[in-house]
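Structure at a glance
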Amino acid sequence: MKKKLLALLLALSMIFALAACSGNGGSGADKPSDAVSEAPSDAPSDVPPQEPGPAPLAAAEIQGRLNERAVALLSARPMSRRELVDKLSAPARRRKKPSREADEVQPDPEALEREREALRQGAERAADWLEGLGLLNDGEYAGAVARHYAEKGYGPRKIQDELYRRGVPRAFWAEAMDGVSQGANVLDELLIRRLRGAEPTQENLKRACDYLARRGFSWEEIAQAVERYRRQGEE
């Protein structure tokens, strides 16, 4: 259902972007050439000209394109709010010019910073829009990430590392971890599979323990699993 809604939003965003472009380009095409002469002859001539401000149509068009790209990114795969905002606000790669041209024209650092800030704000607004529609939810995403890695046999530390790497706020970690069940049998099965019936020598157990630690299990959990493995061998 969510994927269908995202596809519909993507189509609507493209339509709105095209409409904004056509409206912006043709805003002055139908004006008569003598429109200036229709102004009242007694209009005051000492009125100071207004300072040109940001073009509303251009700003709306840029925001529409950001919204369109946000829907496309979220349709491709689920992601956290921070991941989405980072991708939307990433500056476009500029083509490297030959050394002579690069020396002649240097980008203005302040202008670049303003451009990055405006892009970041637009990305945040796109994320707000998707959150308002219920299509961007860090809590649901955290639960999906935790279940995915738990099903693949990873431990709590690995899952938390993934949540951190993906930019999920810590406020959602506890609930996500509560939603996954990792009993002792999961760790026991991993240990048996790693040892493959080998004798539990110190060297073999060290390699197996290092493997389990890399998968995100604590040393306390690993020690308990090793003890259970040894008891089973003695029976």
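It should be noted that the structure appears before, not after, this text.
About the cut-offs
- Residues numbered from 1 in each chain as written.
- Predicted model: local features only at pLDDT ≥ 70, side-chain atom pairs only at ≥ 80, totals over all residues.
- Heavy atoms only, no water.
- Helix = DSSP H or I, 4+ residues; strand = E, 2+ residues; numbered from the N terminus.
- Buried < 20%, exposed > 50% of the residue type's maximum accessible area, 1.4 Å probe, protein only.
- Areas by Shrake-Rupley, 256 points an atom, 1.4 Å probe, with all protein chains shown as cover.
- Axes fitted to C-alpha atoms, helices over the stretch in contact; angles between N-to-C directions.
- Parallel < 35°, antiparallel > 145°, perpendicular 65-115°, else oblique.
- Left-handed = near helix turned anticlockwise from the far one by under 90°.
- Contact = heavy atoms within 4.5 Å.
- Nonpolar A, V, L, I, M, F, W, Y, C, P; charged D, E, K, R; others polar.
- Core = buried A, V, L, I, M, F, W, Y, C linked by side-chain atoms within 4.5 Å.
- Phe/Tyr/Trp six-rings, centres within 6.5 Å; stacked < 30°, edge-to-face > 60°.
- Lys NZ or Arg CZ within 6 Å of the ring centre and 35° of its normal.
- Expected span 1.5 Å × (residues − 1).
- Polar contact = N/O pair within 3.5 Å; in protein donor to acceptor, adjacent residues only side chain to side chain.

1. Let's talk about the overall build of the chain
Along its length, the chain carries 11 helices and 0 strands. Burial statistics for the chain: of 235 residues in total, 30% are counted as buried. Of the roughly 16700 Å² that the chain leaves accessible, carbon and sulfur atoms contribute 53%.

2. Describing the packing of helix H6 (residues 138–151) against helix H7 (residues 156–165)
Two elements in contact, H6 and H7, have axes separated by 9 Å at closest approach and are oriented at 140°. In this view, H6 runs oblique relative to H7, as classed from their interaxial angle. Seen from above, H6 lies across H7 with right-handed handedness. Only Lys158, Ile159, Glu162 and Leu163 of H7 make contact with H6, whose side of the interface consists of Ala142, Val145, Ala146, Tyr149 and Ala150. Of the residues contributing to the contact of H6 with H7, the split by class is 7 nonpolar, no polar and 2 charged.

3. Details of the nonpolar core
Counting residues in hydrophobic clusters, the biggest one holds 15 residues, and the most contacted among them are Ala70, Leu74, Leu84, Leu88, Leu130 and Leu136. Ranked by residues supplied to this core, first place goes to helix H2 (residues 56–76) with 5 residues.

4. Details of the packing of aromatic side chains
The final tally for this structure, using the stated rule, is 1 aromatic pair. Residues Tyr149 and Tyr154 carry aromatic rings whose centres are separated by 5.7 Å and whose planes lie at 65° to one another, so their mutual orientation is edge-to-face. Take Tyr149 and Tyr154: they sit in the same class, and that class is buried. Residue placement shows Arg194 over the ring face of Tyr211; its charged tip is 4.3 Å from the ring centre. Just above the ring of Tyr154 sits the side chain of Arg215; from NZ or CZ to the centre is 4.1 Å.

5. Remarks on helix H5 (residues 109–132)
Here H5 is 24 residues long and its end C-alpha atoms lie 35 Å apart, about the 34 Å a rise of 1.5 Å per residue gives. Of the residues flanking the start of H5, the one acting as N-cap is Asp108, its side-chain oxygen 3.2 Å from the backbone nitrogen of Glu110. Positioned one or two residues after H5, Gly134 has a phi angle of 80°, which is positive.

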